[in-house]
Protein chains: 2
Amino acid sequence: MKITKLSNAISLKRQLEGGNEQQLLTVRQVLQDVRNLGDAALRKYSEMWDGIQIEDFRVSKQEIEEAVLNFDPQLKSDLEEAAANIRYYHEAQKREGYKLPLENGSWLAQRIVPLDAVGLYVPGGLAAYPSSVLMNVIPAQVAGVERIVITSPAGKDGKLPEAVLVAASILGITEIYKVGGAQAIAALAYGTESIAPVDKITGPGNIYVALAKREVFGEVAIDMIAGPSEIAVLADDTAFADEIAADLLSQAEHDALACAVLITTSERLALAVAEEVEKQLRSLPKEEIARKSIENFGQIYIADTMEQAIDAVNSLAPEHLEIVTQHAEEDSLKIRHAGAIFIGRYSSEPVGDYFAGTNHVLPTNSTARFASGLNVDDFIKRTNVVYYTEKTWEQNGPKIARLARMEGLEGHARAVESRGWTKGD
Amino acid sequence: MKITKLSNAISLKRQLEGGNEQQLLTVRQVLQDVRNLGDAALRKYSEMWDGIQIEDFRVSKQEIEEAVLNFDPQLKSDLEEAAANIRYYHEAQKREGYKLPLENGSWLAQRIVPLDAVGLYVPGGLAAYPSSVLMNVIPAQVAGVERIVITSPAGKDGKLPEAVLVAASILGITEIYKVGGAQAIAALAYGTESIAPVDKITGPGNIYVALAKREVFGEVAIDMIAGPSEIAVLADDTAFADEIAADLLSQAEHDALACAVLITTSERLALAVAEEVEKQLRSLPKEEIARKSIENFGQIYIADTMEQAIDAVNSLAPEHLEIVTQHAEEDSLKIRHAGAIFIGRYSSEPVGDYFAGTNHVLPTNSTARFASGLNVDDFIKRTNVVYYTEKTWEQNGPKIARLARMEGLEGHARAVESRGWTKGD
């Protein structure tokens, strides 16, 4: 791993693949086909791309029950405990609206209303991601969303991974469809004969899924377009090199474009971590991916002072930040920009990926400067409410009419004044 | 105005102009130029498009003071009162994070951090929009944003409208730039020698501004891309036709693409409103615009029952909804989708545009199904924080490692386990 003396502002922004023109045209064709042809288009593309023929997209109750029966009880119990932790953390985000009294019986209010329906895309491929199911579904449930749909590509056997079905079952989700790719996003956005449309689509996916989400954005809401994972570790001489190295690699193994950075005031630690990373890489099953990530985007920065190191972290605005310093909690209070912060030696980042309760859907590529991880607010909307009595109207109508006329909007002024035009009541 | 019997689901979605290819290429060129050349590009485009030569983009303290001195004291007082009302409503949206204790001294937290810097674009042209200044700046101030910048195109006299400067001055905003168009958005996103970049850009603008905001989205955050205004009025036989007609026209006068809809259980009211709209149109200064809007998108629907009418409103998900019925507040509780609701005869919609305190930046084109009006949460972010003690790690580490391995992420499992590898401490 490269070791550099920290001097200037640093950045972890990467130029990310936005999909090429051909991919975009393909996605647009898929969206249009699903919009026009519904289920027939879903069947066509499932056969074309996933090589499977699907009669009924909906996963049956029996399939879910079978998955639960076959599943390792220990893992099921782990998932259940994780789900309970995630629910506990997100319940605290639930909010009420408010009502503010004004004079003369008037009032203003903000009402909080959950979305009617949301769809979660769960990627398929070589692995199953039950943790994605927990992290996306639970905030929506806490928000009070009534209809939550999961869609995911079926394997060659025409089935969804057991782990995904078990995670869904633990949460009580039963509307699950075997559709993947851009066609799944189209079905969620526009609806088909089998799949009613939703109001918001969340969840990660490949480039076709990401492009499709961008295209349907506006028609429905989407979560962020997630970029490759990032970890920054802020550490001083009290940290253990093998632990820091292992944590850096835990993100590097996600993606060759992932980014793992150590910022430390300790030259000793810097050298030791570089050595440990190399050592641990050699026995990592995903060595090839992780090595590419470390070679291309891995960096160790040596800072003169903790203050300088903290400034550097704030300029990175990393998705994940570990703070392994003598006064870790105190240092954490100086961080303005990070998706999630892990404090102290025992808060290894994967703790948050799976189990602690915080959400693992987090802003990447420095967008933590302005964006937040997935949370309950992503599944509600706020409605402003105004109630003016006659007396309040009488007192304020002339002011409102003046302001409207100042902006050249005579119709607005007249609307307010029209209440005085009427029938002597 | 067309009168129809309400039968099927109705929609107010309009196919909106997304800008043509030529406009997009122009905007991309502007963005690139500003990114590469900074202030020089701002000067070039100000001269090219606004026909003005600008030496110093920053509005001087003196210019602001002069504007305040010259301004109508009554209007200034109206703006001050509106600002106080808006602040009162938005203060209730301010939130704290939370900290949740776990067993063994561990804890989870959510921290709320305001954005560092935001930029508000205020459109220029024929009218000045001080209400935009209030509605965009105050939520950011309540959120705790430290740096708030306004940018707006100067007139031929090289000045900004007094009303805009006065509104800014009332709020204590002094960083104001005379730059408009796509080049202003570029300056806010990338920064130039004179203008430091911001983290989020809000505010309406013409098609070039809208396209530029879309293009820089990701680099910085943006608010919604606002569409043409909409009003739906839900009324029964207790409503007065002249008042409803005036309210419909108040939105129709904004834009030929604006949409004004009445849904009523009263045939009498339907006929009378249609007549009144025609009558009032004739004396409206913006008759031409309002007439186009009414002809193209205006509709009166007669519903059999209030229940049917309310269902129709929910399918519209209008930006603004007025409820003028006998039990207006009760009826309002059945509305799930609306940007803002105005209850009762005296809550004419312009009351909220200018004065009541609720925000007038609201979701259009049916996006109230999933989106909210501008609010304090738009200017903060949430950071998840995890603190695990050794004991908590010991108890849960094996579960986390199992979950990671189930997803094929051995590096994640090892990171958690690495805490047990070390030096017998």
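Residues numbered from 1 in each chain as written. Chains lettered and ligands numbered in written order. Predicted model: local features only at pLDDT ≥ 70, side-chain atom pairs only at ≥ 80, totals over all residues. Heavy atoms only, no water.

## Side note on the UniProt feature "binding site: Zn(2+)" (unreviewed entry) in chain A
Phase 1 of the analysis: Sites flagged by UniProt as "binding site: Zn(2+)" (unreviewed entry) map to Q251, H254, D353 and H412 of chain A. On the basis of their most widely separated C-alpha atoms, the annotated residues across 162 residues do not gather in one place, lying as much as 55.6 Å apart.
Phase 2 of the analysis: Its place among the elements puts Q251 of chain A in helix α9 (residues 241–252).
Phase 3 of the analysis: Discounting chain neighbours no more than four positions away, the residues touching Q251 of chain A are S229, E230, I231, A258, H320, E349 and D353 of chain A together with H412 of chain B.
Phase 4 of the analysis: Here the side chain of Q251 of chain A touches S229 of chain A through a polar contact of 2.4 Å, side chain to side chain.
Phase 5 of the analysis: Along the chain, H254 of chain A falls in the loop between α9 and β10 (259–264).
Phase 6 of the analysis: If we ignore the near neighbours within four places in the chain, the residues touching H254 of chain A are S229 and I289 of chain A together with L409 and H412 of chain B. (UniProt positions renumbered as here; feature names shortened; annotations may be inferred. Helix = DSSP H or I, 4+ residues; strand = E, 2+ residues; numbered from the N terminus. Contact = heavy atoms within 4.5 Å. Polar contact = N/O pair within 3.5 Å; in protein donor to acceptor, adjacent residues only side chain to side chain.)

## Examining the domain arrangement of chain A
Residue and element names in this part refer to chain A.
Phase 1 of the analysis: Segmenting chain A into domains produces domain 1 (3–15 + 227–356), domain 2 (21–222) and domain 3 (388–420).
Phase 2 of the analysis: The C-alpha-based centres of domain 1 and domain 2 are spaced at 32 Å.
Phase 3 of the analysis: Opposite the five residues of domain 1 that make contact, domain 2 presents six residues.
Phase 4 of the analysis: For the pairing of domain 1 and domain 2, the buried interface totals around 430 Å² over both sides, and the portion due to carbon and sulfur atoms is 58%.
Phase 5 of the analysis: Sorting the residues of domain 1 by area buried against domain 2 places Y354, F355 and A356 first, and these three jointly supply 83% of that buried surface.
Phase 6 of the analysis: Across the domain 1-domain 2 interface, the total number found is zero salt bridges.
Phase 7 of the analysis: Our count for the contact surface shared by domain 1 and domain 2 stands at one residue pair in polar contact (both at pLDDT 80 or more). (Domains from an automatic or database assignment. Buried area = accessible area lost by both parts, 1.4 Å probe. Salt bridge = Lys/Arg side-chain N within 4 Å of Asp/Glu carboxyl O.)

## A few points about the interface of chain B and chain A
Phase 1 of the analysis: Facing 121 residues of chain B, the contacting portion of chain A comprises 121 residues.
Phase 2 of the analysis: Where chain B abuts chain A, roughly 10900 Å² becomes buried across the two surfaces, and 55% of that area is made up of carbon and sulfur atoms.
Phase 3 of the analysis: Here chain B and chain A share 20 salt bridges between them.
Phase 4 of the analysis: Put simply, chain B and chain A have 77 residue pairs in polar contact (both at pLDDT 80 or more) between them.
Phase 5 of the analysis: Examining the composition of the side of chain B that touches chain A, we find that nine residues originate from one element, helix α15 (residues 390–406) of chain B, more than from any other.
Phase 6 of the analysis: Residues belonging to the side of chain B that touches chain A are distributed by class as follows: 58 nonpolar, 31 polar and 32 charged.
Phase 7 of the analysis: As paired strands, strand β13 (residues 340–343) of chain A and strand β14 (residues 380–387) of chain B are joined by four bridges and run parallel to one another. Across the sheet, F342 of chain A pairs through a bridge with V386 of chain B, a residue of β14 of chain B. (Nonpolar A, V, L, I, M, F, W, Y, C, P; charged D, E, K, R; others polar. Pairing = 2+ DSSP bridges.)

## Overview of the relation of the copies chain B and chain A
Phase 1 of the analysis: You can overlay chain B on chain A at an RMSD of 0.0 Å; the transform is a turn of 180° with a shift of 0.0 Å along its axis. Taken together, the turn and the small shift mark the pair as related by a two-fold rotation axis. When each C-alpha of chain B is compared by its distance to the rotation axis, D377 of chain B comes out closest, at 4.6 Å.
Phase 2 of the analysis: Interface overlap between copies: 100% of the residues of chain B at the interface are likewise at the interface in chain A, consistent with a symmetric, same-surface contact. (Least-squares fit on C-alpha atoms with pLDDT ≥ 70 in both.)

## Topic: the sheet that holds strand β2 (residues 98–101) of chain B
Phase 1 of the analysis: In spatial order, the strands read β1(A)-β11(A)-β10(A)-β9(A)-β12(A)-β13(A)-β14(B)-β3(B)-β2(B); together these nine strands make up an open sheet with mixed pairing. The sheet is open, and its two edges are formed by β1 (3–5) of chain A together with β2 of chain B, each paired on a single side. Shown here is a sheet whose adjacent strand axes are inclined to one another by a mean of 20°, direction ignored.
Phase 2 of the analysis: Pairing geometry for strand β12 (residues 320–324) of chain A and β13 of chain A, over four bridges, is parallel. Along β13 of chain A, the bridge assignment pairs L321 of chain A with I341 of chain A.
Phase 3 of the analysis: Across the sheet, helix α11 (residues 287–297) of chain A lies against β10 and β11 (299–302) of chain A, angled at about 55° from β10 of chain A, the strand it touches most. (Axes fitted to C-alpha atoms, helices over the stretch in contact; angles between N-to-C directions.)

## Let's talk about unusual backbone geometry
Phase 1 of the analysis: Its identity is not glycine, yet A317 of chain A carries a phi of approximately 50°, on the positive side.
Phase 2 of the analysis: Tracing the backbone shows A317 of chain A in the loop between α12 (306–316) and β12.
Phase 3 of the analysis: What makes A317 of chain A buried here is its relative accessible area of 0%.
Phase 4 of the analysis: Although it is not a glycine, S366 of chain B sits at a positive phi angle of roughly 70°.
Phase 5 of the analysis: If you trace the backbone, S366 of chain B turns up in the loop between α14 (350–354) and β14. (Buried < 20%, exposed > 50% of the residue type's maximum accessible area, 1.4 Å probe, protein only.)

## Comments concerning the side chain of E63 of chain B
All names here are of chain B.
Phase 1 of the analysis: Turning to its location among the elements, E63 is positioned in helix α3 (residues 61–70).
Phase 2 of the analysis: A polar contact of 2.8 Å, which involves the side chain of E63, links it to the side chain of K178.
Phase 3 of the analysis: If near-sequence neighbours (up to four positions away) are discounted, E63 is found in contact with R58, G158, K159, L165 and K178.

## Considering helix α2 (residues 39–50) of chain B
Residue and element names in this part refer to chain B.
Phase 1 of the analysis: With 12 residues, α2 should cover 16 Å at 1.5 Å per step; its first-to-last C-alpha distance of 15 Å lies within 8% of that length.
Phase 2 of the analysis: For α2, the complete set of buried residues consists of D39, A41, L42, Y45, S46 and D50. All buried residues of α2 fall inside an arc of 150° around its axis, so they share one side.
Phase 3 of the analysis: Close packing links the buried residues of α2 with α1 (21–37) and α7 (181–190).
Phase 4 of the analysis: Among the residues trailing α2, G51 stands out with phi positive, at a value near 65°. (Expected span 1.5 Å × (residues − 1). Arc of directions from axis to C-beta.)

## Focus: the UniProt feature "binding site: substrate" (unreviewed entry) in chain A
Phase 1 of the analysis: The residues that UniProt annotates with the feature "binding site: substrate" (unreviewed entry) are S229, Q251, H254, H320, D353, E407 and H412 of chain A. A maximum C-alpha distance of 55.6 Å shows the annotated residues, which cover 184 residues in sequence, to be distributed over more than one spot.
Phase 2 of the analysis: For H254 of chain A, a relative accessible area of 36% gives the class partly exposed.
Phase 3 of the analysis: Looking at where D353 of chain A falls in the secondary structure, it is placed in helix α14 (residues 350–354).
Phase 4 of the analysis: A relative accessible area of 8% means that D353 of chain A is categorised as buried.
Phase 5 of the analysis: Among residues more than four places away in sequence, those in contact with D353 of chain A are S131, M135, Q251, H320 and H360 of chain A together with H412 of chain B.

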